[in-house]
Amino acid sequence: MNIFSYHQASDAASAITLKQAGPTAKYLGGGTNLVDLMRETVERPATLVDVTRLSSAIEQRTDGSLLIGAGVTNTALAAHGAVRSQFPLLSRAILAGASAQIRNVATVGGNILQRTRCRYFYDNAARCNKRQPNSGCDAVGGFNRYHAILGASESCVATHPSDMCVALVALDAAVHLEGPSGTRLLPLRALHRLPGATPEIETELHPDDLITAIEIPALPFARRSAYRKVRDRASYAFALISVAAALEINGAGYVTDVRLALGGVAHKPWRALKAEARLQGQKANAESFAAAAKAELADAIGLRDNRFKIELAKRTIVAVLEELKGENA
């Protein structure tokens, strides 16, 4: 069997990995999403590998940073005292992401590597370049209410489903990796790929890489942070739009630092760098917030069913920043 030609992965829960045989072998992360994909015959693993011995510890360092083992459950992470006090947007994102039963078994490593929830990816009768490269994308002309408005391509308009990842990207988190070439550290916002012409390649992981931990650097002003998820129903639904943000304002009312990330808009958790740059040094008011949101969404392209998401994203950004402005006051 060939060595893994690329690395993809799925969603949270019991930490298992999957190996598919053949000349285009894949290495997939495992969990509840993998079980779903197996049930739907989207994935047909030849081998399952148990990685439940990965660390389930959360280390709070003296400098204020956190080291989170890949085996930590979503419930444990959301409930951890340091997370709730120092990075409340992360705790809120996790609690918004799934049912309590799933959070109790879902792991940090699995959550990061979950697959898209695009209905055409799950439907073996549909054309999907992610599932079968160069077959086409039925989502482009199909029902695309939940699909991407940023960074999409003709090959794929799917979105990344994780709430937790949106918060982690806003917090400048990094992923600890181990593989045949040793250990390395990769910024989380560089881990996931935009689809381009190869949407089947979802991450920048090397063959045989394994996520062992997540590191969140110290960010004191993240104590004033928020996560807002806009969805079609009140619970257990994927985001139409989500916003993770932290905001620091000085005594004169000007923005001195900001972190902003979006979910439900792209093939990867979307760090809103244009909006952040636009806000730096600006008066913290509705006009500045709206201008920053407009700058970030300037390149957004809506499909038939999801054009409303562009305006919804702008309004949600402004609403979250206004909320944090109040907390700063």
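About the criteria used
Residues numbered from 1 in each chain as written. Predicted model: local features only at pLDDT ≥ 70, side-chain atom pairs only at ≥ 80, totals over all residues. Heavy atoms only, no water. Buried < 20%, exposed > 50% of the residue type's maximum accessible area, 1.4 Å probe, protein only. Helix = DSSP H or I, 4+ residues; strand = E, 2+ residues; numbered from the N terminus. Pairing = 2+ DSSP bridges. pLDDT = per-residue confidence, 0-100. Contact = heavy atoms within 4.5 Å. Arc of directions from axis to C-beta. Core = buried A, V, L, I, M, F, W, Y, C linked by side-chain atoms within 4.5 Å. Axes fitted to C-alpha atoms, helices over the stretch in contact; angles between N-to-C directions. Salt bridge = Lys/Arg side-chain N within 4 Å of Asp/Glu carboxyl O.

1. Looking at the pairing of strand S12 (residues 255–263)
Link 1 in the chain: With eight of nine residues buried, S12 lies mostly within the body of the structure.
Link 2 in the chain: Of the pairings in the sheet, the one linking strand S11 (residues 241–249) to S12 comprises eight bridges and is antiparallel in character. Paired with Ala 245 across the two strands is Leu 260, which belongs to S12.
Link 3 in the chain: Hairpin connection between S11 and S12: a loop of five residues separates the two successive antiparallel strands, and Gly 253 in this loop has a positive phi of roughly 90 degrees.

2. Overview of the confidence of the model for the chain
Link 1 in the chain: On average, residues of the chain carry a pLDDT of 89, and 90% of them reach 70 or more.
Link 2 in the chain: Ignoring residues within four places in sequence, the model shows residues 1–25, a span with pLDDT below 50, making 113 contacts including any to other chains.

3. Observations regarding helix H10 (residues 286–296)
Link 1 in the chain: Taken together, the buried positions of H10 are Ser 288, Phe 289, Ala 292, Ala 293 and Glu 296. Down the axis of H10, the smallest arc covering the buried residues is 135 degrees, so these residues share one side. Turned more than 90 degrees off the buried face of H10, the exposed positions are Glu 287 and Lys 294.

4. Details of the environment of Ala 222
Link 1 in the chain: Within the element layout of this structure, Ala 222 appears in the loop between strand S9 (210–216) and strand S10 (225–230).
Link 2 in the chain: It is 9.1 Å that separates the C-alpha atoms of Ala 222 and Ser 85, two residues lying 137 residues apart in sequence.
Link 3 in the chain: With residues up to four places along the chain from it excluded, the contact list for Ala 222 reads Gln 86, Phe 87, Pro 88, Leu 171 and Ala 246.

5. Overview of the nonpolar core
Link 1 in the chain: Ranked by size, the top nonpolar core spans 44 residues in total, and within it Leu 90 and Ile 112 carry the most contacts.
Link 2 in the chain: Counting residues per element, this core draws most heavily on helix H8 (residues 164–170), at seven residues.
Link 3 in the chain: Apart from the residues lying within four places of it in its own chain, the contact partners of Leu 90 are Leu 77, Val 83, Met 164, Ala 167, Leu 168, Leu 171 and Ile 216.
Link 4 in the chain: Counting residues in each nonpolar core, the second largest holds 31 residues, with Val 265, Ala 293, Leu 297 and Leu 324 among its members.

6. Some remarks on the sheet that holds S12
Link 1 in the chain: A sheet is described by the order of its strands in space; here four strands give the open sequence S10-S11-S12-S13, paired in antiparallel fashion. Here the strands that pair on one side only, and so sit at the sheet edges, are S10 and strand S13 (270–271).
Link 2 in the chain: Contacting S10 and S11, helix H4 (residues 88–95) runs over the sheet at an angle of about 20 degrees to S10.
Link 3 in the chain: Its contacts with the sheet place helix H11 (residues 308–328) against S10, S11 and S12, and it is angled at close to 35 degrees to S11.

7. So, unusual backbone geometry
If a residue is not glycine, its phi is most likely negative; likewise, a peptide bond is most likely trans.
Link 1 in the chain: Within the chain, Asn 134 stands out as a residue other than glycine whose phi angle is a positive 70 degrees.
Link 2 in the chain: With respect to the helices and strands, the residue Asn 134 is situated in the loop between helix H7 (119–122) and H8.
Link 3 in the chain: In this model, Asp 172 sits at a positive phi of 60 degrees, which is unusual for a non-glycine residue.
Link 4 in the chain: If you trace the backbone, Asp 172 turns up in the loop between H8 and strand S7 (174–179).
Link 5 in the chain: A residue is classified by how much of its surface remains accessible, and Asp 172, at 30% relative accessible area, is partly exposed.

8. Side note on the pattern of salt bridges
Link 1 in the chain: Going through the model one piece at a time under the given rule, you end up with 19 salt bridges.
Link 2 in the chain: In this structure, Asp 138 and Arg 127 form a salt bridge, with 2.8 Å as the shortest nitrogen-oxygen distance. A residue pair is termed long-range when its members are at least 10 positions apart, and Asp 138 in the loop between H7 and H8 and Arg 127 in the loop between H7 and H8 qualify at 11 residues.
Link 3 in the chain: Here Asp 138 falls in the partly exposed class, since its relative accessible area comes to 24%.
Link 4 in the chain: By relative accessible area, which is 45% here, Arg 127 ends up partly exposed.
Link 5 in the chain: Note that Asp 172 and Arg 259 form a salt bridge whose closest N and O atoms lie 3.0 Å from each other. Of this pair, Asp 172 sits in the loop between H8 and S7 while Arg 259 sits in strand S12; the two residues are 87 residues apart in sequence, bridging distant segments of the chain.
Link 6 in the chain: Owing to a relative accessible area of 15%, Arg 259 belongs among the buried residues under this scheme.

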